[in-house]
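What follows is each chain in one-letter form.
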Amino acid sequence: MSKMDSEWVKVYTSHDYFKSEIVRQVLSEHEVDAVVLDKQGFPYRIGEVEVYVHQSNFNRAIEIIISSEL
C-alpha cells in the first residue's frame, strides 16, 4: 500500500451509490475532502460503495455524518 493510500480511511459504506455520493457532498459542504470508491460490479451493481477521507479528518467526518443523520 502506498503512503497516499494509507493516509485515507473509510468513513462510510453503502450498497447504494447515491447515498454514498450524498455523504461525500455533505462532507464537502463542511470543507472535508472526501472520495467515493465504487466497488460495485457491472452489470448487476452488486457490492459496496465506500467513502474515504484523509485520516486527519476522520473524527470530524464521523461527527458530520452522525449529526446529518446520514
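As shown above, the structure is provided for reference.
Below: a short report on this structure. Quick caveat, the model's predicted, so the values are computed rather than measured.

### Quick look at the nonpolar core
Within the largest apolar cluster, twelve residues are counted, these being V11, Y12, V23, V26, L27, V32, A34, V51, V53, A61, I64 and I65. Contributions of two or more residues to this core are made by β1 (8-14), α2 (17-29), β3 (49-54) and α3 (58-67).

### Section: the pattern of salt bridges
Tallied over the entire structure, the rule returns three salt bridges. Residues R24 and E21 are paired through a salt bridge, measuring 2.6 Å at the closest nitrogen-oxygen approach. Linking R24 with E21, this pair stays in helix α2, spanning three residues, or about one helical turn. Two residues, E50 and K39, come together in a salt bridge whose shortest N-O distance is 3.3 Å. Taken together, the residues E50 in strand β3 and K39 in the loop between β2 (34-38) and β3 connect sequence positions eleven residues apart. When its relative accessible area of 48% is taken as the criterion, K39 is described as partly exposed. One salt-bridge network, in which partners are shared between bridges, spans K10, K39 and E50.

What counts and how
- Residues numbered from 1 in each chain as written.
- Predicted model: local features only at pLDDT ≥ 70, side-chain atom pairs only at ≥ 80, totals over all residues.
- Heavy atoms only, no water.
- Core = buried A, V, L, I, M, F, W, Y, C linked by side-chain atoms within 4.5 Å.
- Buried < 20%, exposed > 50% of the residue type's maximum accessible area, 1.4 Å probe, protein only.
- Helix = DSSP H or I, 4+ residues; strand = E, 2+ residues; numbered from the N terminus.
- Salt bridge = Lys/Arg side-chain N within 4 Å of Asp/Glu carboxyl O.

All quantities given are derived from atomic positions and should not be read as evidence of function.
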